Amino acid sequence: GKELLAKAIHFNSPRKNRPFVVVNCGAIPEALLESELFGHSRGAFTGAYADRKGKIESADTGTVFLDEIGDLAPQTQVKLLRLLQEKEIDKIGVSRPIRVNVRIIAATHRDLERMVREEKFREDLYYRLSVIPIKLPSLSERRNDIPILADFFLKKYAQKFGKELTLDRDVFKVLDVYPWPGNIRELENLMERAAALHEGGMIKVDDLPEDMLNRASKIGPVLLNIPPDGVDLEQVEKDLIREALERSRWNQSRAARFLRITRNTLIYRMQKHGIREPDLV
């Protein structure tokens, strides 16, 4: 969803006929990222056999979409700050700065404000990037979109595989309570998998992945089947709290509202069950 929004901004702007370059900062090794972004000259380091333009220089007069910007190393953050302030880049092995004219669109799933407080992300860079902040709600926060998107993706892949496919009504119940940690991409992948594996006709709940059904059953009362030998109530409470936190992207206030308890009660029960946000473990 983030890249799609960045493309929408670019292709509906005066820069639409200029380059649109995507860089996933979390997918490129830290040692290579600086060269990937800013380029290098021949002989600048071992293995630099030729001059190379970086992604930012290649996008001159266009747009650079920096995904997962929260993963940038401190040194690269400094260079990006210089770009935003001076409209210049320092190419590795080149003594003179290079002027560039690019729009920067940055995205992250991390809490940058918290990273600034913890001194893991530069405060000055954060405020330079936050000129026009856009919060893109996760799929779990806009559940009315799920049936529309599921139908769209299923038709797309049914056509690709030459099949006639529909979704059973009970499938939508599962999709509605599932937490969607992978957001829209996870939903698209699910529909592609269903279209690829199903022979045709109606896709039913039993055709969904087992791990998805297990996870959905923890948070969806409509799917909760209590076994004959009973349940561990403490474990059920722990699972529900964790699912609510994941569904709300670890926003405690939102998770508390979802569970219909106060935030203080949620914090107490998190401590009771030893539940901590993954980044803090």
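Residues numbered from 1 in each chain as written. Predicted model: local features only at pLDDT ≥ 70, side-chain atom pairs only at ≥ 80, totals over all residues. Heavy atoms only, no water.

**Student:** Explain the overall build of the protein chain here, please?
**Tutor:** Regarding its fold elements, the protein chain presents 13 helices and nine strands. For the protein chain, the C-alpha atoms occupy an extent of roughly 75 × 55 × 35 Å along the three principal directions. Across the 281 residues in the protein chain, those meeting the buried criterion constitute 40%. Counting only contacts in the protein chain whose residues sit at least 6 apart along the sequence, the fraction spanning at least 24 positions is 68%. A total accessible area of about 17,000 Å² is found for the protein chain, and carbon and sulfur atoms account for 49% of it. Across the protein chain, the mean location of the 47 positive side-chain charges is 5 Å away from that of the 43 negative side-chain charges. (Helix = DSSP H or I, 4+ residues; strand = E, 2+ residues; numbered from the N terminus. Buried < 20%, exposed > 50% of the residue type's maximum accessible area, 1.4 Å probe, protein only. Contact = heavy atoms within 4.5 Å. Areas by Shrake-Rupley, 256 points an atom, 1.4 Å probe, with all protein chains shown as cover. Lys, Arg positive; Asp, Glu negative; His and termini not counted. Charge placed at Lys NZ, Arg CZ, Asp CG, Glu CD.)

**Student:** For this particular structure, what's the right way to read the sheet that holds strand β1 (residues 20–24)?
**Tutor:** Consider a sheet: its strands pair through backbone hydrogen bonds, and that pairing is either parallel or antiparallel. Strands sit in the order β1-β4-β7 across an open sheet of three strands; the sheet is parallel. Either end of the sheet is taken by a strand with one partner, and the two such strands are β1 and β7 (103–106). Within this sheet the neighbouring strands show an average axis-to-axis angle of 20°, counted without direction. Pairing of strand β4 (residues 63–67) with β7 involves four bridges; the strand directions are parallel. Note that in β7 the partner of T63 across the bridge is R103. (Pairing = 2+ DSSP bridges. Axes fitted to C-alpha atoms, helices over the stretch in contact; angles between N-to-C directions.)

**Student:** Explain the packing of helix α7 (residues 145–161) against helix α9 (residues 183–197) here, please?
**Tutor:** Working note: a packed helix pair is described by the angle between its axes plus the distance between those axes. One way to put it is that α7 packs onto α9 with a least axis distance of 8 Å and a crossing angle of 40°. Judged by the angle between their axes, α7 and α9 are oblique. As for how α7 packs across α9, the hand of that crossing is right-handed. Contacts between α7 and α9 involve I146, L149, A150, F153, L154, K156, Y157, A158, K160 and F161 on the former and, on the latter, I184, L187, E188, M191, E192, A195 and A196. (Parallel < 35°, antiparallel > 145°, perpendicular 65-115°, else oblique. Left-handed = near helix turned anticlockwise from the far one by under 90°.)

**Student:** Would you explain the pattern of salt bridges in this entry?
**Tutor:** This structure, assessed with the given rule, holds 22 salt bridges. Residues E277 and R114 are paired through a salt bridge, measuring 3.2 Å at the closest nitrogen-oxygen approach. With a gap of 163 residues between them, E277 in the segment after α13 (263–273) and R114 in helix α5 (residues 112–117) connect regions that are remote in the sequence. For K173, the salt bridge is made with D170, and the minimal N-O distance between the two is 3.3 Å. With K173 and D170 both in helix α8 (residues 169–177) and three residues apart, this pair spans about one turn of that helix. Here the residues in one salt-bridge network are R82, E88, D90 and R99, joined through shared partners. (Salt bridge = Lys/Arg side-chain N within 4 Å of Asp/Glu carboxyl O.)

**Student:** Is there a simple way to think about the pairing of β4 in this case?
**Tutor:** One face of the sheet, then the other: side chains in a regular strand alternate in exactly this way. Counting buried residues in β4 gives five out of five residues, a clear majority hidden from the surface. Burial along β4 is two-sided: the face carrying T63, F65 and D67 and the face carrying V64 and L66 are both buried.

**Student:** Mind showing me how you'd approach the packing of aromatic side chains here?
**Tutor:** The geometry of an aromatic ring pair comes down to the distance between the two centres and the angle between the two planes. Applying the stated criterion to the full structure yields four aromatic pairs. Summarising the aromatic geometry, the rings of Y126 and Y127 are spaced 5.1 Å apart at their centres and angled 70° between planes, so their arrangement reads as edge-to-face. We classify Y126 as buried; its relative accessible area is 15%. Given a relative accessible area of 54%, Y127 falls into the exposed group. Each ring, one from F152 and one from F153, has its centre 5.5 Å from the other, and the planes form 65°; the classification is edge-to-face. (Phe/Tyr/Trp six-rings, centres within 6.5 Å; stacked < 30°, edge-to-face > 60°.)

**Student:** Please explain the side chain of K163 as it appears in this structure.
**Tutor:** Considering the arrangement of structural elements, one finds K163 in the loop between α7 and β8 (165–167). A distance of 2.8 Å separates a polar atom in the side chain of K163 from the backbone oxygen of A195. A polar atom in the side chain of K163 sits 2.7 Å from the backbone oxygen of H198. Contact partners of K163, with chain neighbours within four places excluded, come to A158, A195, A196, L197, H198 and E199. (Polar contact = N/O pair within 3.5 Å; in protein donor to acceptor, adjacent residues only side chain to side chain.)

Just distances and angles here, no functional claims.
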